[in-house]
Amino acid sequence: MAELRVDNLRKEYDRGSVVAVDDLSLTVADGEFVTVVGPSGCGKTTTLRMLAGLEEPTDGSIAIGGEDVTNVHAKNRDVAMVFQNYALYPHKTVFENMEFGLRMSTNMGKGERERRVVEAAEMMDIEELLEDKPDQLSGGQKQRVALGRAIVREPDVFLFDEPLSNLDAKLRTTMRAEIQRLQDELGITAVYVTHDQEEAMTMGDRMVILEGGVLQQVGSPTEVYANPVNRFVAGFVGSPSMNFVEVDVSTPGEGLRLTGPRGEFTFDLSPSYVTGSARHLRADRYTLGVRPENVSVLDGPGPNAITGTVEVIEPVGSDNYLHLDVADDFIARVDSDVSPEPGETVAIAFEESSVHLFDPETGVDVFNAEIDAPSASAV
Ligand code: ADP
Ligand code: MG
(Lines give C-alpha, C1' and ligand atoms only; values in the text may rest on other atoms or scores of the structure.)
(Ligands and ions follow the chains in the order given, each with its own letter.)
Protein backbone atom coordinates (compact mmCIF):
# COMPACT_ATOMS: atom_id res chain seq x y z
CA MET A 1 0.00 0.00 0.00
CA ALA A 2 1.40 3.37 -0.94
CA GLU A 3 0.81 6.92 -1.97
CA LEU A 4 1.70 7.71 -5.58
CA ARG A 5 3.13 11.12 -6.27
CA VAL A 6 3.97 12.67 -9.63
CA ASP A 7 5.75 16.01 -9.94
CA ASN A 8 6.03 17.98 -13.20
CA LEU A 9 6.09 14.80 -15.21
CA ARG A 10 6.85 15.44 -18.85
CA LYS A 11 7.30 13.32 -21.94
CA GLU A 12 8.45 14.60 -25.29
CA TYR A 13 8.82 12.53 -28.44
CA ASP A 14 10.60 13.27 -31.71
CA ARG A 15 13.09 15.71 -30.17
CA GLY A 16 10.41 17.78 -28.52
CA SER A 17 8.09 18.19 -31.49
CA VAL A 18 5.49 16.03 -29.71
CA VAL A 19 4.70 16.82 -26.08
CA ALA A 20 2.69 13.77 -25.01
CA VAL A 21 2.53 14.70 -21.32
CA ASP A 22 3.01 18.30 -20.29
CA ASP A 23 4.20 18.91 -16.72
CA LEU A 24 1.72 16.71 -14.94
CA SER A 25 1.57 16.91 -11.15
CA LEU A 26 -0.75 14.68 -9.15
CA THR A 27 -0.91 12.86 -5.84
CA VAL A 28 -2.94 9.68 -5.49
CA ALA A 29 -3.55 8.82 -1.85
CA ASP A 30 -2.82 5.41 -0.39
CA GLY A 31 -5.70 3.13 -1.37
CA GLU A 32 -7.37 5.72 -3.58
CA PHE A 33 -8.92 4.88 -6.97
CA VAL A 34 -8.20 7.64 -9.48
CA THR A 35 -9.46 7.55 -13.05
CA VAL A 36 -7.68 9.43 -15.83
CA VAL A 37 -9.91 10.35 -18.74
CA GLY A 38 -9.54 12.23 -22.00
CA PRO A 39 -9.88 11.77 -25.74
CA SER A 40 -7.59 9.55 -27.80
CA GLY A 41 -4.05 10.92 -27.98
CA CYS A 42 -4.28 13.08 -24.84
CA GLY A 43 -1.38 11.27 -23.14
CA LYS A 44 -3.09 8.66 -20.97
CA THR A 45 -1.05 5.63 -22.02
CA THR A 46 2.21 7.60 -21.98
CA THR A 47 1.48 8.68 -18.40
CA LEU A 48 0.78 5.12 -17.26
CA ARG A 49 3.85 3.74 -19.03
CA MET A 50 6.02 6.26 -17.21
CA LEU A 51 4.42 5.25 -13.90
CA ALA A 52 5.13 1.61 -14.71
CA GLY A 53 8.73 2.35 -15.68
CA LEU A 54 8.20 1.30 -19.30
CA GLU A 55 8.89 4.79 -20.62
CA GLU A 56 11.55 7.21 -19.45
CA PRO A 57 10.26 10.70 -18.54
CA THR A 58 11.85 13.67 -20.27
CA ASP A 59 11.53 15.56 -17.02
CA GLY A 60 9.86 15.38 -13.62
CA SER A 61 9.72 12.73 -10.93
CA ILE A 62 7.64 9.80 -9.70
CA ALA A 63 7.51 8.63 -6.08
CA ILE A 64 5.79 5.54 -4.71
CA GLY A 65 5.35 5.29 -0.94
CA GLY A 66 7.61 8.30 -0.50
CA GLU A 67 10.47 6.72 -2.43
CA ASP A 68 11.70 8.30 -5.67
CA VAL A 69 11.38 5.61 -8.35
CA THR A 70 11.95 7.83 -11.41
CA ASN A 71 15.09 5.91 -12.32
CA VAL A 72 14.05 2.52 -10.98
CA HIS A 73 13.64 -0.24 -13.56
CA ALA A 74 10.10 -1.45 -14.28
CA LYS A 75 10.65 -4.89 -12.75
CA ASN A 76 11.84 -3.36 -9.52
CA ARG A 77 8.81 -1.12 -9.10
CA ASP A 78 5.98 -2.51 -7.06
CA VAL A 79 3.38 -1.82 -9.72
CA ALA A 80 1.19 -4.10 -11.82
CA MET A 81 -0.27 -2.97 -15.12
CA VAL A 82 -3.35 -4.35 -16.87
CA PHE A 83 -3.62 -3.68 -20.59
CA GLN A 84 -6.51 -3.40 -23.03
CA ASN A 85 -5.23 -6.27 -25.16
CA TYR A 86 -4.63 -8.55 -22.10
CA ALA A 87 -1.02 -9.25 -23.17
CA LEU A 88 -1.12 -12.94 -22.20
CA TYR A 89 1.54 -15.39 -23.37
CA PRO A 90 -0.31 -17.56 -25.93
CA HIS A 91 1.75 -20.73 -25.35
CA LYS A 92 1.52 -20.66 -21.57
CA THR A 93 -1.44 -21.95 -19.59
CA VAL A 94 -3.49 -19.61 -17.42
CA PHE A 95 -1.59 -20.87 -14.38
CA GLU A 96 1.78 -20.24 -16.05
CA ASN A 97 0.69 -16.79 -17.22
CA MET A 98 -0.27 -15.83 -13.71
CA GLU A 99 2.84 -17.33 -12.15
CA PHE A 100 5.35 -16.00 -14.67
CA GLY A 101 5.81 -12.52 -13.18
CA LEU A 102 6.42 -13.98 -9.72
CA ARG A 103 8.99 -16.36 -11.12
CA MET A 104 10.83 -13.60 -12.97
CA SER A 105 10.84 -10.76 -10.49
CA THR A 106 10.85 -12.44 -7.07
CA ASN A 107 12.74 -15.30 -5.48
CA MET A 108 9.54 -16.74 -4.06
CA GLY A 109 9.46 -20.52 -3.65
CA LYS A 110 7.30 -22.78 -5.82
CA GLY A 111 4.80 -23.49 -3.01
CA GLU A 112 4.23 -19.81 -2.26
CA ARG A 113 3.84 -18.99 -5.95
CA GLU A 114 1.27 -21.72 -6.33
CA ARG A 115 -0.64 -20.56 -3.27
CA ARG A 116 -0.77 -16.98 -4.58
CA VAL A 117 -1.93 -18.02 -8.06
CA VAL A 118 -4.70 -20.24 -6.70
CA GLU A 119 -5.84 -17.52 -4.32
CA ALA A 120 -5.93 -14.90 -7.12
CA ALA A 121 -7.71 -17.37 -9.40
CA GLU A 122 -10.36 -17.83 -6.72
CA MET A 123 -10.80 -14.07 -6.38
CA MET A 124 -11.28 -13.78 -10.13
CA ASP A 125 -13.43 -16.91 -10.34
CA ILE A 126 -11.16 -18.60 -12.87
CA GLU A 127 -9.97 -21.68 -10.88
CA GLU A 128 -11.53 -23.92 -13.53
CA LEU A 129 -9.42 -22.34 -16.26
CA LEU A 130 -5.94 -22.73 -14.79
CA GLU A 131 -4.86 -25.45 -17.25
CA ASP A 132 -6.36 -23.73 -20.33
CA LYS A 133 -4.43 -21.76 -22.94
CA PRO A 134 -5.49 -18.16 -23.74
CA ASP A 135 -6.98 -19.05 -27.15
CA GLN A 136 -9.50 -21.31 -25.39
CA LEU A 137 -10.84 -18.35 -23.42
CA SER A 138 -13.46 -15.68 -24.14
CA GLY A 139 -12.51 -11.99 -24.03
CA GLY A 140 -14.00 -11.62 -20.57
CA GLN A 141 -12.11 -14.66 -19.27
CA LYS A 142 -8.84 -13.37 -20.72
CA GLN A 143 -9.33 -10.07 -18.93
CA ARG A 144 -9.99 -11.96 -15.68
CA VAL A 145 -6.70 -13.78 -16.15
CA ALA A 146 -4.92 -10.48 -16.81
CA LEU A 147 -6.42 -9.07 -13.62
CA GLY A 148 -5.50 -12.22 -11.70
CA ARG A 149 -1.94 -11.91 -12.92
CA ALA A 150 -1.85 -8.34 -11.58
CA ILE A 151 -3.26 -9.43 -8.21
CA VAL A 152 -0.74 -12.23 -7.55
CA ARG A 153 2.00 -9.63 -7.50
CA GLU A 154 0.33 -7.92 -4.50
CA PRO A 155 1.65 -4.62 -5.86
CA ASP A 156 1.70 -1.21 -4.21
CA VAL A 157 0.00 0.32 -7.23
CA PHE A 158 -2.40 -0.99 -9.89
CA LEU A 159 -2.26 0.63 -13.30
CA PHE A 160 -5.11 -0.03 -15.73
CA ASP A 161 -4.94 1.05 -19.38
CA GLU A 162 -8.47 0.88 -20.82
CA PRO A 163 -8.79 -2.73 -19.65
CA LEU A 164 -12.45 -3.12 -20.59
CA SER A 165 -12.52 -1.51 -24.04
CA ASN A 166 -12.57 -4.84 -25.86
CA LEU A 167 -15.54 -6.20 -23.94
CA ASP A 168 -19.23 -5.84 -24.80
CA ALA A 169 -21.32 -3.33 -22.85
CA LYS A 170 -22.92 -5.79 -20.43
CA LEU A 171 -19.68 -7.51 -19.52
CA ARG A 172 -18.03 -4.12 -19.14
CA THR A 173 -20.54 -3.14 -16.46
CA THR A 174 -19.94 -6.39 -14.57
CA MET A 175 -16.17 -6.06 -14.78
CA ARG A 176 -16.24 -2.42 -13.65
CA ALA A 177 -17.97 -3.47 -10.45
CA GLU A 178 -15.57 -6.37 -10.04
CA ILE A 179 -12.46 -4.23 -10.43
CA GLN A 180 -13.83 -1.76 -7.90
CA ARG A 181 -14.61 -4.55 -5.44
CA LEU A 182 -11.12 -6.00 -5.81
CA GLN A 183 -9.37 -2.68 -5.44
CA ASP A 184 -11.46 -1.89 -2.40
CA GLU A 185 -10.87 -5.30 -0.81
CA LEU A 186 -7.13 -5.24 -1.44
CA GLY A 187 -6.80 -1.51 -0.64
CA ILE A 188 -4.30 -1.07 -3.46
CA THR A 189 -3.73 2.43 -4.86
CA ALA A 190 -5.08 2.47 -8.41
CA VAL A 191 -4.80 4.62 -11.52
CA TYR A 192 -7.35 3.65 -14.15
CA VAL A 193 -7.17 5.14 -17.64
CA THR A 194 -10.17 5.31 -19.94
CA HIS A 195 -11.51 7.44 -22.79
CA ASP A 196 -15.03 6.78 -21.50
CA GLN A 197 -16.23 9.60 -19.25
CA GLU A 198 -19.04 7.48 -17.83
CA GLU A 199 -16.57 4.80 -16.78
CA ALA A 200 -14.32 7.45 -15.25
CA MET A 201 -17.25 8.97 -13.34
CA THR A 202 -18.67 5.72 -12.02
CA MET A 203 -15.39 4.12 -10.97
CA GLY A 204 -13.19 6.90 -9.62
CA ASP A 205 -12.95 8.32 -6.10
CA ARG A 206 -11.50 11.21 -8.04
CA MET A 207 -11.11 11.76 -11.76
CA VAL A 208 -8.37 13.53 -13.69
CA ILE A 209 -9.27 15.10 -17.03
CA LEU A 210 -6.44 15.35 -19.56
CA GLU A 211 -6.43 17.15 -22.88
CA GLY A 212 -3.40 17.58 -25.13
CA GLY A 213 -1.11 16.21 -22.42
CA VAL A 214 -2.27 18.92 -20.02
CA LEU A 215 -4.18 18.27 -16.81
CA GLN A 216 -7.46 20.21 -16.97
CA GLN A 217 -9.10 19.33 -13.67
CA VAL A 218 -8.92 16.89 -10.76
CA GLY A 219 -11.87 16.28 -8.48
CA SER A 220 -14.56 13.90 -7.36
CA PRO A 221 -16.97 13.00 -10.17
CA THR A 222 -19.72 15.11 -8.59
CA GLU A 223 -17.43 18.14 -8.23
CA VAL A 224 -16.23 17.91 -11.80
CA TYR A 225 -19.75 17.44 -13.11
CA ALA A 226 -21.16 20.36 -11.12
CA ASN A 227 -18.21 22.75 -11.40
CA PRO A 228 -16.22 22.11 -14.56
CA VAL A 229 -13.35 24.59 -14.70
CA ASN A 230 -13.51 25.12 -18.44
CA ARG A 231 -15.44 24.46 -21.58
CA PHE A 232 -13.44 21.37 -22.48
CA VAL A 233 -14.23 19.63 -19.18
CA ALA A 234 -17.84 20.84 -19.31
CA GLY A 235 -18.32 19.30 -22.75
CA PHE A 236 -16.43 16.11 -22.03
CA VAL A 237 -18.12 15.12 -18.77
CA GLY A 238 -21.83 14.29 -18.84
CA SER A 239 -24.07 12.63 -21.38
CA PRO A 240 -25.65 13.90 -23.52
CA SER A 241 -23.03 16.62 -23.67
CA MET A 242 -23.64 20.11 -22.26
CA ASN A 243 -25.37 22.54 -24.63
CA PHE A 244 -23.25 25.49 -25.73
CA VAL A 245 -24.72 28.69 -27.15
CA GLU A 246 -22.83 31.84 -28.15
CA VAL A 247 -24.38 34.77 -26.30
CA ASP A 248 -23.78 38.50 -26.03
CA VAL A 249 -23.34 39.63 -22.47
CA SER A 250 -24.62 43.03 -21.47
CA THR A 251 -24.86 44.39 -18.00
CA PRO A 252 -28.08 46.16 -17.17
CA GLY A 253 -28.08 46.97 -13.46
CA GLU A 254 -25.96 44.59 -11.49
CA GLY A 255 -27.05 41.33 -13.07
CA LEU A 256 -26.08 40.09 -16.50
CA ARG A 257 -28.26 39.85 -19.59
CA LEU A 258 -27.42 37.07 -22.03
CA THR A 259 -28.74 37.50 -25.56
CA GLY A 260 -28.92 34.61 -28.05
CA PRO A 261 -26.93 34.59 -31.32
CA ARG A 262 -29.71 36.05 -33.48
CA GLY A 263 -31.37 37.90 -30.64
CA GLU A 264 -33.92 35.09 -30.37
CA PHE A 265 -33.86 35.02 -26.58
CA THR A 266 -32.66 36.89 -23.54
CA PHE A 267 -31.79 35.34 -20.22
CA ASP A 268 -31.30 37.53 -17.13
CA LEU A 269 -28.98 36.47 -14.35
CA SER A 270 -29.83 38.04 -11.01
CA PRO A 271 -27.24 40.18 -9.19
CA SER A 272 -26.98 37.62 -6.39
CA TYR A 273 -25.85 34.96 -8.87
CA VAL A 274 -23.26 37.16 -10.52
CA THR A 275 -20.39 36.86 -8.07
CA GLY A 276 -16.64 36.44 -8.18
CA SER A 277 -14.91 37.06 -11.47
CA ALA A 278 -18.27 37.12 -13.24
CA ARG A 279 -18.85 40.62 -11.76
CA HIS A 280 -15.98 41.96 -13.77
CA LEU A 281 -16.99 40.73 -17.22
CA ARG A 282 -16.79 43.11 -20.10
CA ALA A 283 -19.73 43.42 -22.46
CA ASP A 284 -18.75 40.81 -25.00
CA ARG A 285 -19.56 37.48 -26.54
CA TYR A 286 -19.34 34.46 -24.20
CA THR A 287 -20.46 30.86 -24.41
CA LEU A 288 -23.48 29.88 -22.36
CA GLY A 289 -23.44 26.29 -21.16
CA VAL A 290 -26.39 24.37 -19.76
CA ARG A 291 -26.79 20.64 -19.31
CA PRO A 292 -29.68 18.91 -21.13
CA GLU A 293 -30.94 17.44 -17.85
CA ASN A 294 -31.30 20.96 -16.38
CA VAL A 295 -33.67 22.08 -19.13
CA SER A 296 -37.41 21.70 -18.68
CA VAL A 297 -40.39 22.26 -20.94
CA LEU A 298 -42.90 24.85 -19.67
CA ASP A 299 -46.69 24.74 -19.98
CA GLY A 300 -46.72 28.39 -21.04
CA PRO A 301 -44.58 31.52 -21.06
CA GLY A 302 -42.43 32.30 -18.04
CA PRO A 303 -39.50 34.45 -16.96
CA ASN A 304 -36.34 33.67 -18.89
CA ALA A 305 -38.26 31.24 -21.09
CA ILE A 306 -36.81 30.41 -24.48
CA THR A 307 -38.95 29.26 -27.37
CA GLY A 308 -37.75 26.76 -29.88
CA THR A 309 -39.03 24.28 -32.41
CA VAL A 310 -38.67 20.57 -31.81
CA GLU A 311 -36.64 19.06 -34.64
CA VAL A 312 -36.18 15.51 -33.45
CA ILE A 313 -37.44 13.61 -30.45
CA GLU A 314 -35.19 10.80 -29.31
CA PRO A 315 -36.73 8.40 -26.77
CA VAL A 316 -34.23 6.60 -24.52
CA GLY A 317 -36.69 4.76 -22.28
CA SER A 318 -37.13 6.72 -19.06
CA ASP A 319 -36.35 10.04 -20.78
CA ASN A 320 -36.83 11.83 -24.08
CA TYR A 321 -34.10 13.90 -25.68
CA LEU A 322 -35.69 16.85 -27.46
CA HIS A 323 -33.47 18.36 -30.13
CA LEU A 324 -34.46 22.01 -30.51
CA ASP A 325 -33.51 24.65 -33.08
CA VAL A 326 -32.21 27.00 -30.36
CA ALA A 327 -28.76 27.97 -31.68
CA ASP A 328 -27.52 25.00 -33.74
CA ASP A 329 -28.57 21.97 -31.79
CA PHE A 330 -29.88 22.27 -28.28
CA ILE A 331 -30.95 19.21 -26.33
CA ALA A 332 -33.47 19.11 -23.51
CA ARG A 333 -33.54 15.88 -21.53
CA VAL A 334 -37.08 15.53 -20.21
CA ASP A 335 -39.33 12.84 -18.74
CA SER A 336 -40.69 10.37 -21.25
CA ASP A 337 -44.23 11.70 -20.70
CA VAL A 338 -43.13 15.04 -22.18
CA SER A 339 -43.34 14.21 -25.88
CA PRO A 340 -44.14 17.09 -28.21
CA GLU A 341 -44.37 16.39 -31.94
CA PRO A 342 -41.51 17.34 -34.26
CA GLY A 343 -42.29 20.79 -35.68
CA GLU A 344 -44.08 21.87 -32.51
CA THR A 345 -42.96 25.09 -30.80
CA VAL A 346 -42.23 24.75 -27.11
CA ALA A 347 -41.10 27.05 -24.30
CA ILE A 348 -38.14 25.80 -22.32
CA ALA A 349 -36.46 27.11 -19.17
CA PHE A 350 -33.59 26.38 -16.84
CA GLU A 351 -32.58 27.72 -13.44
CA GLU A 352 -29.85 30.33 -13.34
CA SER A 353 -27.98 28.03 -10.95
CA SER A 354 -27.43 25.65 -13.87
CA VAL A 355 -25.92 28.35 -16.10
CA HIS A 356 -22.24 28.18 -16.99
CA LEU A 357 -20.53 30.97 -18.87
CA PHE A 358 -17.25 30.34 -20.66
CA ASP A 359 -14.66 32.90 -21.64
CA PRO A 360 -14.34 32.84 -25.45
CA GLU A 361 -10.55 32.98 -25.36
CA THR A 362 -9.50 30.92 -22.35
CA GLY A 363 -12.54 28.64 -22.13
CA VAL A 364 -12.62 29.26 -18.37
CA ASP A 365 -15.98 29.06 -16.62
CA VAL A 366 -16.32 32.58 -15.22
CA PHE A 367 -18.59 31.38 -12.40
CA ASN A 368 -16.08 28.80 -11.39
CA ALA A 369 -12.88 30.82 -11.68
CA GLU A 370 -10.95 31.04 -8.47
CA ILE A 371 -10.09 34.69 -8.94
CA ASP A 372 -12.35 37.19 -7.22
CA ALA A 373 -10.83 40.21 -8.92
CA PRO A 374 -10.36 41.48 -12.47
CA SER A 375 -7.97 39.27 -14.43
CA ALA A 376 -6.46 39.35 -17.90
CA SER A 377 -9.79 38.27 -19.36
CA ALA A 378 -11.82 40.78 -17.35
CA VAL A 379 -11.94 44.55 -17.57
P1 ADP B 1 -3.73 8.14 -25.29
O2 ADP B 1 -3.34 6.91 -24.56
O3 ADP B 1 -4.40 9.17 -24.42
O4 ADP B 1 -4.57 7.86 -26.50
P5 ADP B 1 -0.90 8.36 -25.88
O6 ADP B 1 -0.28 8.52 -24.55
O7 ADP B 1 -0.82 7.03 -26.51
O8 ADP B 1 -2.41 8.88 -25.82
O9 ADP B 1 -0.24 9.41 -26.89
C10 ADP B 1 -0.08 10.77 -26.57
C11 ADP B 1 0.59 11.49 -27.73
O12 ADP B 1 1.93 11.05 -27.86
C13 ADP B 1 -0.07 11.25 -29.07
O14 ADP B 1 0.01 12.44 -29.82
C15 ADP B 1 0.79 10.18 -29.70
O16 ADP B 1 0.76 10.25 -31.09
C17 ADP B 1 2.16 10.53 -29.16
N18 ADP B 1 3.03 9.35 -29.00
C19 ADP B 1 2.83 8.29 -28.19
N20 ADP B 1 3.84 7.40 -28.28
C21 ADP B 1 4.72 7.93 -29.17
C22 ADP B 1 5.99 7.50 -29.70
N23 ADP B 1 6.55 6.34 -29.30
N24 ADP B 1 6.60 8.31 -30.59
C25 ADP B 1 6.06 9.46 -30.99
N26 ADP B 1 4.87 9.93 -30.53
C27 ADP B 1 4.21 9.19 -29.64
MG1 MG C 1 -3.93 4.93 -24.85
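Everything below is about the structure shown above.
Note that the structure is a prediction, hence the values are computed from the model and not measured.

Draft legend 1. Broad picture of the pairing of strand S8 (residues 189-194). Burial analysis of S8 places six of its six residues in the buried class, which makes it a mostly covered element. Residues of S8 alternate between two faces, with Thr 189, Val 191 and Val 193 on one and Ala 190, Tyr 192 and Thr 194 on the opposite face, all of them buried. In this structure, strand S3 (residues 33-37) lies alongside S8, joined through five bridges in parallel fashion. Of the residues in S8, the one forming a bridge with Thr 35 is Tyr 192. Bridge count for strand S7 (residues 157-161) against S8 is five bridges, and the pairing is parallel. Along S8, the bridge assignment pairs Val 157 with Thr 189. Chirality of the crossover, the property in question, places the unit of S7, helix H5 (residues 169-186) and S8 among those that are right-handed.

Draft legend 2. Expanded view of the site of ligand 1. Within the structure, ligand 1 sits among Tyr 13, Asp 14, Val 18, Ala 20, Pro 39, Ser 40, Gly 41, Cys 42, Gly 43, Lys 44, Thr 45 and Thr 46. Lys 44 is positioned with one of its side-chain polar atoms (N or O) 2.9 Å from an oxygen atom of ligand 1. Contact between ligand 1 and Thr 45: an oxygen atom at 2.8 Å from a side-chain N or O atom of the residue. About the coverage of ligand 1: the protein hides 60% of its 570 Å² of free accessible area. Secondary-structure elements contributing two or more residues to the shell around ligand 1 are strand S2 (18-28) and helix H1 (44-52). Counting residues per element, the shell around ligand 1 draws most heavily on H1, which supplies three residues. Its residues placed into classes, the shell around ligand 1 shows five nonpolar, five polar and two charged.

Draft legend 3. Expanded view of unusual backbone geometry. The omega angle of the peptide bond from Ser 239 to Pro 240 is -5°, so this bond is cis rather than trans. Mapped onto the elements, Pro 240 comes out in the loop between helix H8 (231-236) and strand S11 (243-250). Despite not being glycine, Asp 125 has its phi angle at roughly 60°, a positive value. Its identity is not glycine, yet Asn 304 carries a phi of approximately 60°, on the positive side. In this structure, Asn 304 sits in the loop between strand S15 (296-297) and strand S16 (306-315).

Draft legend 4. The arrangement of the pattern of salt bridges in detail. As enumerated under the stated definition, the model contains 26 salt bridges in all. Between Glu 55 and Lys 11 there is a salt bridge, with its nearest N and O atoms 4.0 Å apart. In this pair, Glu 55 is assigned in the loop between H1 and strand S4 (59-64) and Lys 11 in strand S1 (residues 4-13), connecting sequence segments 44 residues apart. Classification of Lys 11 by relative accessible area gives buried; the value is 9%. With a closest N to O distance of 3.8 Å, Glu 178 and Arg 181 form a salt bridge. You can see Glu 178 and its partner Arg 181 sitting in helix H5, three residues apart, about one turn around the helix. What you see here is one network of salt bridges that share partners, running through Glu 112, Arg 115, Arg 116, Glu 119 and Glu 154.

Draft legend 5. A look at the sheet that holds strand S14 (residues 284-290). Spatially, S13-S12-S11-S14-S20 is the arrangement adopted by the five strands of the open sheet, whose pairing is antiparallel. Pairing within the sheet leaves two strands with one partner each, and these edge strands are strand S13 (266-269) and strand S20 (356-358). The average undirected angle you get between the axes of adjacent strands in this sheet is 40°.

Draft legend 6. Quick peek at the nonpolar core. Ranked by size, the top nonpolar core spans 35 residues in total, and within it Val 94, Met 98, Ile 126, Phe 158, Phe 160 and Ile 179 carry the most contacts. Of all the secondary structure elements, the ones that give two or more residues to this core are strand S6 (79-82), helix H2 (94-105), helix H3 (110-123), helix H4 (139-152), S7, H5 and S8. The leading source of residues in this core is H4, at six residues. Here Ile 126 is in contact with Val 94, Met 98, Ala 121, Arg 144 and Val 145, once residues within four sequence places are set aside. Counting 30 residues, the second-largest nonpolar core is a separate cluster that includes Val 247, Phe 265, Val 274 and Val 290.

Draft legend 7. Local environment of the side chain of Arg 176. Looking at where Arg 176 falls in the secondary structure, it is placed in helix H5. On the accessibility criterion, Arg 176 (11% relative accessible area) is buried. If near-sequence neighbours (up to four positions away) are discounted, Arg 176 is found in contact with Leu 164, Asp 196, Glu 198, Glu 199, Thr 202 and Met 203.

Draft legend 8. View of the sheet that holds S2. Overall, antiparallel pairing links the four strands, which are arranged S2-S1-S4-S5 in an open sheet. Among the strands making up the open sheet, the edge pair consists of S2 and strand S5 (67-68). By the bridge criterion, five bridges tie S1 to S4 in an arrangement that is antiparallel. Counterpart to Asp 7 in the pairing with S4 is Ser 61. In the packing of H1 onto the sheet, contacts are made with S1, S2 and S4, and the angle to S1 comes to roughly 120°.

Reading the values: the criteria
- Residues numbered from 1 in each chain as written.
- Chains lettered and ligands numbered in written order.
- Predicted model: local features only at pLDDT ≥ 70, side-chain atom pairs only at ≥ 80, totals over all residues.
- Heavy atoms only, no water.
- Buried < 20%, exposed > 50% of the residue type's maximum accessible area, 1.4 Å probe, protein only.
- Helix = DSSP H or I, 4+ residues; strand = E, 2+ residues; numbered from the N terminus.
- Pairing = 2+ DSSP bridges.
- Right-handed = clockwise from strand over helix to strand, strands pointing away.
- Near = heavy atom within 4 Å.
- Polar contact = N/O pair within 3.5 Å; in protein donor to acceptor, adjacent residues only side chain to side chain.
- Areas by Shrake-Rupley, 256 points an atom, 1.4 Å probe, with all protein chains shown as cover.
- Nonpolar A, V, L, I, M, F, W, Y, C, P; charged D, E, K, R; others polar.
- Salt bridge = Lys/Arg side-chain N within 4 Å of Asp/Glu carboxyl O.
- Axes fitted to C-alpha atoms, helices over the stretch in contact; angles between N-to-C directions.
- Core = buried A, V, L, I, M, F, W, Y, C linked by side-chain atoms within 4.5 Å.
- Contact = heavy atoms within 4.5 Å.

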